[in-house]
Amino acid sequence: MGLAGAGRAADDPLGGLLGFAPGDALLTTGPSTVLDVSGRLVDDTAVDGGVYDPLFVDAGAVSLSAQGDLRFDGLIAANAGGWRDVAGVFAPGSAGDVALAVDFTDAPRRLDLAGRFEAFTFGGDDASSLSLKAPGFVIEAGGADSGGRLDGAGLEVVLGDAFFSSGGFTDYELVSTVSDLLVEDGARVDVNPLFRSVDDF
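All values derive from a computational prediction rather than experimental measurement.

**A word on the overall build of the protein chain**
Secondary structure summary: the protein chain contains 0 helices and 19 strands in total. In the protein chain, the share of contacts with a sequence separation of at least 24, taken over all contacts with a separation of at least 6, comes to 67%. Surface accessibility of the protein chain: about 9,800 Å² in total, with carbon and sulfur atoms responsible for 50%.

**Thoughts on the pattern of salt bridges**
Counted according to the given criterion, the structure contains 5 salt bridges. A salt bridge links R110 to D69, with the nearest nitrogen and oxygen atoms 2.9 Å apart. Of this pair, R110 sits in the loop between strand 11 (97–102) and strand 12 (111–113) while D69 sits in the loop between strand 6 (62–66) and strand 7 (70–72), placing them 41 residues apart in sequence. Overall, the relative accessible area of 38% leaves R110 in the partly exposed class. For D69, a relative accessible area of 19% corresponds to the buried category.

**What to know about the sheet that holds strand 10 (residues 90–92)**
Ordered by their spatial adjacency, 3 strands build an open sheet running 5-9-10, and the pairing between neighbours is mixed. Of all strands in the sheet, those with a lone pairing partner are strand 5 (41–43) and strand 10, marking the two edges. Within the sheet, the average angular offset between the axes of one strand and its neighbour, ignoring direction, is 10°. Pairing geometry for strand 5 and strand 9 (residues 82–84), over 3 bridges, is parallel. Directly across from D43, in strand 9, lies its bridge partner R84.

**Section: the sheet that holds strand 13 (residues 116–118)**
Reading across the sheet, the 3 strands line up as 4-8-13 and stay open at both edges, with parallel pairing between neighbours. Strand pairing shows two members of the sheet lacking a second neighbour, strand 4 (34–36) and strand 13, which therefore form its edges. Each neighbouring strand pair of the sheet contributes to a mean axis angle of 5°, computed without reference to strand direction.

What counts, and where the lines are drawn
Residues numbered from 1 in each chain as written. Predicted model: local features only at pLDDT ≥ 70, side-chain atom pairs only at ≥ 80, totals over all residues. Heavy atoms only, no water. Helix = DSSP H or I, 4+ residues; strand = E, 2+ residues; numbered from the N terminus. Contact = heavy atoms within 4.5 Å. Areas by Shrake-Rupley, 256 points an atom, 1.4 Å probe, with all protein chains shown as cover. Salt bridge = Lys/Arg side-chain N within 4 Å of Asp/Glu carboxyl O. Buried < 20%, exposed > 50% of the residue type's maximum accessible area, 1.4 Å probe, protein only. Pairing = 2+ DSSP bridges. Axes fitted to C-alpha atoms, helices over the stretch in contact; angles between N-to-C directions.

Shown next as structure tokens:
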């Protein structure tokens with residue numbers, strides 16, 4: 001799934017959940033926005049007569065980009081699905097990838113992360129990634145474990161170090177287009193993803 005705020009739109013076809021600002025190439029989502037490309041959890045242990053659900057157990061990917069400001073609020077989910085066959089044997093699917101980016105055109109653009117992002121795997125060799133592109137990043141000790149906030153100037157994305165172990169992602173990419181990436185004293189970036197549990201399914 002890809003959305004790009006790179007043009008003009010006079011109205012909002014998604015009823016206020018997704019906004020394109022005329023002329024400014026902005027991309028804005030509201031707090032009730034849910035972009036869910038997670039794989040399905042399919043349980044065929046109770047199937048009788050050989051009729052099975054489609055095995056869409058692998059997650060897709062979500063990419064949001066803007067040539068103007070991008071503000072995301074709501075939830076993006078790209079969790080792995082899985083299949084339990086008629087014998088009760090479980091086979092996990094794959095988690096997906098999430099990317100949000102603002103491009104540097106005539107001036108720096110803001111990436112405002114007010115929402116949540118998740119791509120939980122069942123462990124093993126499965127991987128999921130979160131890629132963020134903005135004018136700058138600051139990683140601070142403590143702080144929120146999901147989403148982020150803008151600094152006083154409104155350009156650098158401030159992330160708490162707990163952000164990197166909150167959404168299930170196994171890989172992170174931060175691309176700074178203007179300033180350096182700043183890791184404050186005391187901040188510790190540990191990528192310790194939580195996994196989905198077969199026992200919960």
